[in-house]
Structure formats: C-alpha cells, structure tokens
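Secondary and tertiary structure notes
Next come the chains, spelled out residue by residue.
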Amino acid sequence: MSIDLILAGCGNMGHAMLAGWVKAGRIPAARVAVVEPNESLRTRAQALGVSVHADAAEIPGDCQPKLVIFAVKPQVMKDVVPAYKHFVEAGAAALSIAAGTPIAVFEDLLGSQAAVIRCMPNTPAAIGKGMLVLFSNAHVSDEQDSFVRDLLSANGAVATIDNEDLMDAVTAVSGSGPAYIFHFIEALTAAAENAGLPSDVAKLLAMQTVYGAGALAADSEEEPGKLRENVTSPKGTTAAALDVLMGGNRLKALLVEAVDAAKKRSIELRD
C-alpha cells in the first residue's frame, strides 16, 4: 500500500480540505488514506477516490506516509494521536488543524524529536479561499515544509509565524474572522432594508459588495486605505457614511476590542 498522506478524522473541515487537495491535483487520491470511525463520513470521503478505514490499525505499518494530518476535535486528540506514532518515528511529519492544542502536546504523544506543524485554517478553506497559518517545531525539514505548503495552498493563502503564542491572535483574526464578516453582511443587509430596499435585493447588495470589495483589495497593488479614499468624494455620500463609521475611530476601536476578546478566550481555552 503506497500512501503519502494519512488524514485522521474527516468531518466537515477535514473533508473540505481533502476535496481541495484532490481536485487541485496536489496529491493523487490513491495515495491518501482516511481514518474515520463514522461510517457516513467514510462513505463521503471514499467518493473522492481515497482509501478509507475505520481504525488506524487497518493501515499497514510499513506504508511510510510523508504526512499524518490530525483533523479531530481537541478533546479526543490525546486518544487518537498515539496510534500514529510509528509513522512519525519512520519519518512522517504530523500536522494538526485543531485549535488550541499546542505542539508540546504532540511532542509528548509522538516523541520529542517528532516533526510537528500546527495549522489554523478558516472556513473559506472549503472553497479554496481560506487563510491558513502555520507554526512548525525545529524538527520539520525544508522538504516537509514545502510538501505541506504546496498541499495547503489548494485551500487558500498560506502564511507562517515564528512564535507559537501568536496562534491566539491568528485564531482571533482569521480563525474567527469569517464570523465577523458574516455578521457585517447581516448588519449591512438590515441597514439596506431599513433604507427601503426589498429583503432579497438588500441581501444581494450586501453580499456582493463585501465580496467585490474583498476581491478588489486582494487584487489591487494599492493599500486598502487608498482604495477607500478612491471611493470617497469630498462631502459626498461615502464621506457622510464614513463620518459615522470612522468618527472617533469607532469601527476600528470596536474591532480591536472584539479581536482582543477572542484572543483572551483563545488563551483561556489553551491554558
């Protein structure tokens, strides 16, 4: 059995990321083994062409994967991880997408010399538009790092940090961030309805405006502040609205407070 990647856990996020890797051709489906105790989730994964298993013991011990990915809930991590220790000892890197589980936990379970990578994805990774942030321990080789980056780039943009403690800030900004944007769309929709627009039109205007502005910001060489200025005519309609949003740094202060609250909660959950 020739396997390059083992995916332990194939819930919604694990399946979405896996589908991205296979569809983008980052890895052949035949070289992926999924371990998932839930039968319906195994069936869903099998439709992608990967091999599926109910238990790690079903995978031959000599298959020598390059990477083992843990996509299970943090509270069961300590029960799941030890079954894959022999693959890591044979040279596989371990990658976790579980929030709040530090690398030290994996080093305790897999050995102090294990190559371990933490990844914080967000839900847009399901459509290849995610933000994925990595932190690696000192045992991850350049080859392993390159393999992981190439794989995850199918799910969106990939960035790295060199201080694991910053994962709490990453969680607060990009991990939780999609929920902030979804709420902004809700609020802008409500504001549009309040201005007299029909509900279906209000929703479309809010969603497409956020989508288009984000795409423009990503594609433009200009900073977001400059793009804002480009839209804002002196004493015009945009300026009137921005006087409300930016007066006293209102929106910026609110977001700073929100991100700080999320970061503090992430630290509490970690500790």
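Remarks on the environment of Asp-162
- Inspection of the secondary structure assignment puts Asp-162 in the loop between strand S8 (156-160) and helix H7 (167-175).
- Expressed as a C-alpha distance, the spacing of Asp-162 and Ser-136, which sit 26 residues apart in the sequence, is 7.8 Å.

Re the packing of aromatic side chains
- Inspection of every chain in the model, using the stated rule, returns three aromatic pairs.
- Seen in terms of ring centroids, Phe-70 and Tyr-84 are 5.5 Å apart; in terms of plane orientation they differ by 80 degrees. Their pairing is edge-to-face. Taken together, the residues Phe-70 in strand S4 (residues 67-70) and Tyr-84 in the loop between helix H3 (77-80) and helix H4 (85-89) connect sequence positions 14 residues apart.
- Every member of this aromatic cluster is reached through a ring pair, and the members are Phe-70, Tyr-84, Phe-87 and Phe-106.

A closer look at the pattern of salt bridges
- Tallying each qualifying case throughout the model produces seven salt bridges.
- Across the salt bridge formed by Arg-118 and Glu-164, the nearest N and O atoms sit 3.0 Å from each other. Of the two residues, Arg-118 sits in strand S6 (residues 116-120) while Glu-164 sits in the loop between S8 and H7, which places them 46 residues apart along the sequence.
- Judged by its relative accessible area of 5%, Arg-118 falls in the buried class.

Some thoughts on the layout of surface pockets
- By volume, the second largest pocket amounts to about 770 Å³.
- Around the second largest pocket, the lining is made up of 33 residues, and of these Gly-9, Gly-11, Ala-71, Val-72 and Lys-73 lie nearest the centre.
- Every element with two or more residues in the lining of the second largest pocket is listed here: helix H1 (12-23), H3 and H7.
- Element by element, the count of residues in the lining of the second largest pocket is highest for H1, at three residues.
- Tallied by class, the residues present in the lining of the second largest pocket amount to 20 nonpolar, nine polar and four charged.

A closer look at the sheet that holds strand S1 (residues 5-8)
- Strand order across the open sheet formed by eight strands is S3-S2-S1-S4-S5-S6-S7-S8, with mixed pairing between neighbours. Edge strands, defined here as strands with exactly one partner in the open sheet, are strand S3 (51-53) and S8. In this sheet, neighbouring strand axes are inclined to one another by 20 degrees on average, regardless of whether the strands run parallel or antiparallel.
- Sheet analysis places strand S7 (residues 130-136) next to S8, joined by five bridges and oriented parallel. If you follow Gly-130 over to S8, its bridge partner there is Gly-156.
- In the packing of H1 onto the sheet, contacts are made with S1, strand S2 (32-35), S4 and S7, and the angle to S1 comes to roughly 160 degrees.

Observations regarding the side chain of Arg-118
- Of the polar contacts made by the side chain of Arg-118, one reaches the side chain of Glu-164; its length is 3.0 Å.
- With sequence-adjacent residues up to four places away left out, Arg-118 is seen in contact with Leu-95, Ser-96, Gly-100, Thr-101, Pro-102, Ile-103, Val-133, Leu-134, Phe-135, Glu-164 and Met-167.

Details of the pairing of strand S5 (residues 93-96)
- Of the two faces of S5, the one lined by Ala-93 and Leu-95 and the one lined by Ala-94 and Ser-96 are each fully buried.
- In this sheet, S6 lies alongside S5 in parallel orientation, the contact comprising three bridges. Considered in S6, the bridge of Ala-94 is made with Val-116.
- Handedness of the crossover joining S5 and S6 through helix H5 (residues 103-110) is recorded here as right-handed.

Definitions and cut-offs
- Residues numbered from 1 in each chain as written.
- Predicted model: local features only at pLDDT ≥ 70, side-chain atom pairs only at ≥ 80, totals over all residues.
- Heavy atoms only, no water.
- Helix = DSSP H or I, 4+ residues; strand = E, 2+ residues; numbered from the N terminus.
- Phe/Tyr/Trp six-rings, centres within 6.5 Å; stacked < 30°, edge-to-face > 60°.
- Salt bridge = Lys/Arg side-chain N within 4 Å of Asp/Glu carboxyl O.
- Buried < 20%, exposed > 50% of the residue type's maximum accessible area, 1.4 Å probe, protein only.
- 1 Å grid on protein atoms, 1.4 Å probe; cavity = no way out; pocket = protein on both sides within 12 Å on 5 of 7 lines; lining within 4 Å.
- Points joined across faces, edges and corners; volume = space filled by probe spheres on them.
- Nonpolar A, V, L, I, M, F, W, Y, C, P; charged D, E, K, R; others polar.
- Pairing = 2+ DSSP bridges.
- Axes fitted to C-alpha atoms, helices over the stretch in contact; angles between N-to-C directions.
- Contact = heavy atoms within 4.5 Å.
- Polar contact = N/O pair within 3.5 Å; in protein donor to acceptor, adjacent residues only side chain to side chain.
- Right-handed = clockwise from strand over helix to strand, strands pointing away.

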